[in-house]
Amino acid sequence: MQPYVCGLDAAVDVIDGKWKVLIIWALNHQRCRFGELRRLVPGVTEKVLTQQLRELEADGIVHRESYDTKPPKVEYSLTELGDELNTALGPLGAWGRRRKAALERAGQG
């Protein structure tokens, strides 16, 4: 891995791709089981969701809690680092909502 040039490339390395930001958003202040996440992130396949969750867990953003029950129960939540990232993404989301509204007003959205 090449060293990061700035903080933005270090951040983008963690949230790279379409689904990770949406997964982080879905886990905002709540624990979710896998099926709940699939419903909260429409369009993501089971395979991709599994892969993205594993990567987010490896990066310390998502915590996976496995319960010894029958049937087995697994819940996902944001770590403290994940909460910080979600907070940092807030202004980007606000910018995106403004951009989306401007595009819709211009007939492009």
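Everything in this summary refers to the structure shown in the same document. The model shown is predicted, which means the values in this text are computed figures rather than measured ones.

Calculation criteria
Residues numbered from 1 in each chain as written. Predicted model: local features only at pLDDT ≥ 70, side-chain atom pairs only at ≥ 80, totals over all residues. Heavy atoms only, no water. Helix = DSSP H or I, 4+ residues; strand = E, 2+ residues; numbered from the N terminus. Buried < 20%, exposed > 50% of the residue type's maximum accessible area, 1.4 Å probe, protein only. Pairing = 2+ DSSP bridges. Core = buried A, V, L, I, M, F, W, Y, C linked by side-chain atoms within 4.5 Å. Contact = heavy atoms within 4.5 Å. Expected span 1.5 Å × (residues − 1). Bend = angle between axes of the 7 residues up to and from the residue.

With that out of the way, let us pick up the environment of Glu84. Checked against the element boundaries, Glu84 lands in helix H5 (residues 80-105). Overall, the relative accessible area of 47% leaves Glu84 in the partly exposed class. Note: C-alpha distance between Glu84 and Ile24 (60 residues apart in sequence) is 11 Å.

When you tally the buried positions in strand S3 (residues 73-78), you get five out of six residues, the bulk of the element. Bridge count for strand S1 (residues 32-33) against S3 is two bridges, and the pairing is antiparallel. Across the sheet, the residue bridging to Cys32 is Tyr76, located in S3. Relative to S3, strand S2 (residues 62-67) runs antiparallel, the two being bridged by six bridges.

This brings us to the nonpolar core. Counting 21 residues, the largest nonpolar core has Ile23, Ile24, Leu27, Leu37, Ile61 and Val62 as the members making the most contacts within it. Only helix H1 (7-15), helix H2 (19-26), helix H4 (46-58), S3 and H5 provide two or more residues apiece to this core. At four residues, H2 tops the list of elements feeding residues into this core. Sequence-distant contacts of Leu27, that is, excluding residues within four places in its chain, are made with Cys32, Leu37, Val62, Tyr76, Ser77 and Leu78.

Looking along the chain, the bond that leaves Lys70 and enters Pro71 is cis, with omega of -5°. Mapped onto the elements of the fold, Pro71 is located in the loop between S2 and S3. One non-glycine residue, His29, lies in the positive phi region at around 60°.

What follows covers H5. In this model H5 runs 38 Å from its N-terminal to its C-terminal C-alpha over 26 residues, within 8% of the 38 Å that 1.5 Å per residue would give. The sharpest bend along H5 comes to roughly 30°, located at Gly90, with the proline Pro91 sitting one to four residues further on. Looking at the buried side of H5, the elements it contacts are H1, H2 and S3. Phi for Gly107, located one or two positions after H5, is positive at around 75°.

Shape descriptors only; they carry no functional weight alone.
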